[in-house]
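Structural overview
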Amino acid sequence: MSGYSEDEKLRLQQLRTLRRRWLRDQELSEREPVLPPRRLGPVAAFWERFLRPGGLWRHQVYKVCESSGFFLTRVLIPAWIVHYFVKYHIMKTPSNVVMSNPRIFPGDKILETGEVMPPLKDEHHGHH
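Residues numbered from 1 in each chain as written. Predicted model: local features only at pLDDT ≥ 70, side-chain atom pairs only at ≥ 80, totals over all residues. Heavy atoms only, no water.

**Thoughts on the packing of aromatic side chains**
Tallied over the entire structure, the rule returns six aromatic pairs. An angle of 75° between the planes, with centres 5.1 Å apart, marks the rings of tryptophan 47 and tyrosine 62 as edge-to-face. Here tyrosine 62 lies in helix 3 (residues 56–90) and tryptophan 47 lies in helix 2 (residues 42–51), a separation of 15 residues in the sequence. Residue tryptophan 47 is classed as buried on the basis of its relative accessible area of 14%. (Phe/Tyr/Trp six-rings, centres within 6.5 Å; stacked < 30°, edge-to-face > 60°. Helix = DSSP H or I, 4+ residues; strand = E, 2+ residues; numbered from the N terminus. Buried < 20%, exposed > 50% of the residue type's maximum accessible area, 1.4 Å probe, protein only.)

**Description of the pattern of salt bridges**
Under the criterion given, the structure shown has one salt bridge. Residue glutamate 48 pairs with arginine 38 through a salt bridge whose shortest N-O separation is 4.0 Å. Of the two residues, glutamate 48 is situated in helix 2 and arginine 38 in the loop between helix 1 (6–24) and helix 2; the sequence distance between them amounts to 10 residues. Classification of glutamate 48 as partly exposed rests on a relative accessible area of 36%. Note on arginine 38: relative accessible area 66%, which makes it exposed. (Salt bridge = Lys/Arg side-chain N within 4 Å of Asp/Glu carboxyl O.)

**A closer look at a positive patch on the surface**
Side chains of Arg11, Arg16, Arg19, Arg20, Arg21 and Arg24 sit close together on the surface and give a patch of like positive charge. By secondary structure assignment, the location of arginine 11 is in helix 1. (Patch = residues over 30% accessible without salt bridge, like charges linked within 9 Å, V, L, I, M, F, W, Y side chains within 5 Å. Areas by Shrake-Rupley, 256 points an atom, 1.4 Å probe, with all protein chains shown as cover. Lys, Arg positive; Asp, Glu negative; His and termini not counted. Charge placed at Lys NZ, Arg CZ, Asp CG, Glu CD.)

**Some points on the packing of helix 2 against helix 3**
Between two packed helices, what matters for the description is the angle formed by their axes and the separation of those axes. For the pair helix 2 and helix 3, the least separation of the axes is 9 Å and the interaxial angle reads 155°. Put simply, helix 2 runs roughly antiparallel to helix 3. Listed contacts from helix 3 to Trp47, Phe50 and Leu51 of helix 2 are Trp57, Arg58, His59, Val61, Tyr62, Cys65 and Glu66. (Axes fitted to C-alpha atoms, helices over the stretch in contact; angles between N-to-C directions. Parallel < 35°, antiparallel > 145°, perpendicular 65-115°, else oblique. Contact = heavy atoms within 4.5 Å.)

**Details of the layout of surface pockets**
When its volume is computed, the largest pocket comes out at roughly 210 Å³. Along its surface, the largest pocket is lined by Asn101, Pro102, Arg103, Ile104, Asp108, Lys109, Ile110, Leu111 and Glu112. Class assignment of the residues belonging to the lining of the largest pocket gives a composition of four nonpolar, one polar and four charged. (1 Å grid on protein atoms, 1.4 Å probe; cavity = no way out; pocket = protein on both sides within 12 Å on 5 of 7 lines; lining within 4 Å. Points joined across faces, edges and corners; volume = space filled by probe spheres on them. Nonpolar A, V, L, I, M, F, W, Y, C, P; charged D, E, K, R; others polar.)

**Observations regarding the side chain of arginine 58**
For arginine 58, the position within the fold is in helix 3. Glutamate 48 is the oppositely charged side chain nearest to the buried, salt-bridge-free arginine 58, at an N-O distance of 12 Å. In contact with arginine 58, not counting residues within four places along its chain, are Phe50, Leu51 and Pro53.

**Describing the environment of arginine 39**
Relative to the helices and strands, arginine 39 resides in the loop between helix 1 and helix 2. Taking the relative accessible area as the measure of exposure, arginine 39 reaches 81% and is therefore exposed. Between the alpha carbons of arginine 39 and methionine 99 there is a distance of 60 Å; along the sequence they are 60 residues apart.

Structure representation (C-alpha cells):
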C-alpha cells in the first residue's frame, strides 16, 4: 500500500488548483497596507546606484571594496591592537630595543677576549 488512492489523488489535485486560482485572484486594494519604501543609508544608496547599470567591472569593484573593508575591520585593526598590547604591556623588554653594552672601568676583565683594561692615564695640562 504505497502512495495515495485514486480518490485521494483527485482530492489533492482539486485542492492544488483551487489554491492556485485563489492566489492568482489576489489583488491589493488601495485601503490595504503596503510595506513602506525601504530607506537606505548613504553608503548603501551609493552602491545601489553604482550597481544598477550593471557591468562586470562594477561588481568586481564592489567585491574588492567589500572584502577590503572586511579585512581592515575584522583582521588588520584587531591584529594591530593585539600587537600593541603585547608589545607595550605584556613583554618584559619591548621588541627592537637596543640594549647598550655594560660600562667598562679600569681593571675590568673583558669576557670575550680575556683582556684586562689598563688604568686611565693622568693627563696634566698645567692650568689646574
